[in-house]
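Residue-level structural notes
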Amino acid sequence: MLFFIIIALVIIQRLVEVVIAKRNEKRMLAQGAYEVGASHYPYMLALHISFFLFLIAEVVFLNRTTSPLFPVFFFIFLLVQILRVWCLTSLGKFWNTKIIVLPGANVVTKGPYLYFRHPNYIVVCTEILLLPLMFQAYFTALAFTLLNLAMLSVRIPLEEKALIEATDYNEALKKKISAS
């Protein structure tokens, strides 16, 4: 029962994020933004949808139970949710599930982006590992952590290249490095 409550809440959260992303995408495109990496986006969606399907299947069909370390994993998961909201609110209109770039924009260097280049990807990687571990779904944890890392090895370089070409990304990184 606990498993289904948590998974339902996470899926609802993802659906709300899709609505926010779609709204932000429309606003950004209206301002002259463009999408980068559209060819990999359907694969990313398939990966995230498959993650939930495999997680549910592994827990249900293999009778996985709550991990003895559930309290620890769940506490970390809650901290990651705080980081997720911080990422989303820090990026504001720039937050998206797609790579949407607004030429000439100043990249966000506040919130967690002051400390990490891609904190939202840290959130996603951590969630893909933690959710299955909370319920001893080790196959899903391992397989989708590796698949997600493969996806990010394509996505992050595309995103950084686009940001370097169209925004003040390099200058913002230099300022951040010199400030530390």
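Let us look at the structure shown here.

Definitions and limits used
- Residues numbered from 1 in each chain as written.
- Predicted model: local features only at pLDDT ≥ 70, side-chain atom pairs only at ≥ 80, totals over all residues.
- Heavy atoms only, no water.
- Helix = DSSP H or I, 4+ residues; strand = E, 2+ residues; numbered from the N terminus.
- Rg over C-alpha atoms; globule rule 2.2 N^0.38 Å.
- Phe/Tyr/Trp six-rings, centres within 6.5 Å; stacked < 30°, edge-to-face > 60°.
- Buried < 20%, exposed > 50% of the residue type's maximum accessible area, 1.4 Å probe, protein only.
- Expected span 1.5 Å × (residues − 1).
- Contact = heavy atoms within 4.5 Å.
- 1 Å grid on protein atoms, 1.4 Å probe; cavity = no way out; pocket = protein on both sides within 12 Å on 5 of 7 lines; lining within 4 Å.
- Points joined across faces, edges and corners; volume = space filled by probe spheres on them.
- Nonpolar A, V, L, I, M, F, W, Y, C, P; charged D, E, K, R; others polar.
- Core = buried A, V, L, I, M, F, W, Y, C linked by side-chain atoms within 4.5 Å.

**With respect to the overall build of the chain**
Of regular secondary structure, the chain possesses six helices and two strands. Reading the chain from its N end, one meets helices and strands in the order α-β-α-α-β-α-α-α. By the compact-globule yardstick of 16 Å for 180 residues, the chain fits well, its C-alpha radius of gyration being 17 Å. C-alpha extents for the chain along the principal axes are approximately 50 × 35 × 25 Å.

**Quick notes on the packing of aromatic side chains**
Inspection of the entire model under this criterion finds nine aromatic pairs. Plain terms: the ring middles of F3 and F4 are 5.1 Å apart, the flat faces sit at 75° to each other, and that makes the pair edge-to-face. By relative accessible area, which is 4% here, F3 ends up buried. Residue classification places F4 among the partly exposed positions, given a relative accessible area of 46%. Between F3 and F135, the ring centres sit 4.9 Å apart and the planes meet at 80°, which makes this aromatic pair edge-to-face. Here the residue F3 occupies a position in helix 1 (residues 2–30), and F135 occupies one in the loop between helix 4 (119–134) and helix 5 (138–166), the gap between them amounting to 132 residues. The same class applies to F3 and to F135, which are both buried. Among the aromatic side chains, those forming a connected cluster through ring pairs are F3, F4, F70, F74, F77 and F135.

**Some details on unusual backbone geometry**
Notably, N63 is not glycine yet its phi reads approximately 50°, a positive angle. Its place among the elements puts N63 in the loop between helix 2 (41–61) and helix 3 (70–91). On the accessibility criterion, N63 (62% relative accessible area) is exposed. Despite not being glycine, Q136 has its phi angle at roughly 60°, a positive value. With respect to the helices and strands, the residue Q136 is situated in the loop between helix 4 and helix 5.

**Quick word on helix 3**
Helix length check: helix 3, at 22 residues, gives a terminal C-alpha distance of 31 Å against a target of 32 Å (1.5 Å per residue), a fit within 8%. Listed in full, the buried residues belonging to helix 3 are F70, F73, F77, V80, Q81, L83, R84, C87, L88, S90 and L91. Residues of helix 3 that are buried make contact with helix 1 and helix 4. Phi turns positive one or two residues past the end of helix 3, at G92, with a value near 55°.

**Examining the layout of surface pockets**
Summary: where empty space remains is shown by rolling a probe the size of a single water molecule over the atoms. Of the pockets and cavities examined, the largest pocket occupies roughly 1,100 Å³. As for the largest pocket, its lining consists of 50 residues, of which W95, N96, T97, N120 and R155 are closest to the centre. When residues of the lining of the largest pocket are traced back to their parent elements, those giving at least two are helix 1, helix 2, helix 3, strand 2 (99–101), helix 4, helix 5 and helix 6 (169–179). Here the residues of the lining of the largest pocket sort into 32 nonpolar, nine polar and nine charged.

**A few points about the nonpolar core**
If you look at the biggest cluster of nonpolar residues, it comprises 34 residues, and the most contacted ones within it are F51, L55, L131, M134 and F135. When contributions to this core are tallied by element, the ones reaching two or more residues are helix 1, helix 2, helix 3, helix 4 and helix 5. Looking at this core element by element, the count peaks at eight residues for helix 3. If sequence neighbours within four positions are ignored, F135 has contacts with L2, F3, I6, V59, R64, T65, T66, S67 and F70.

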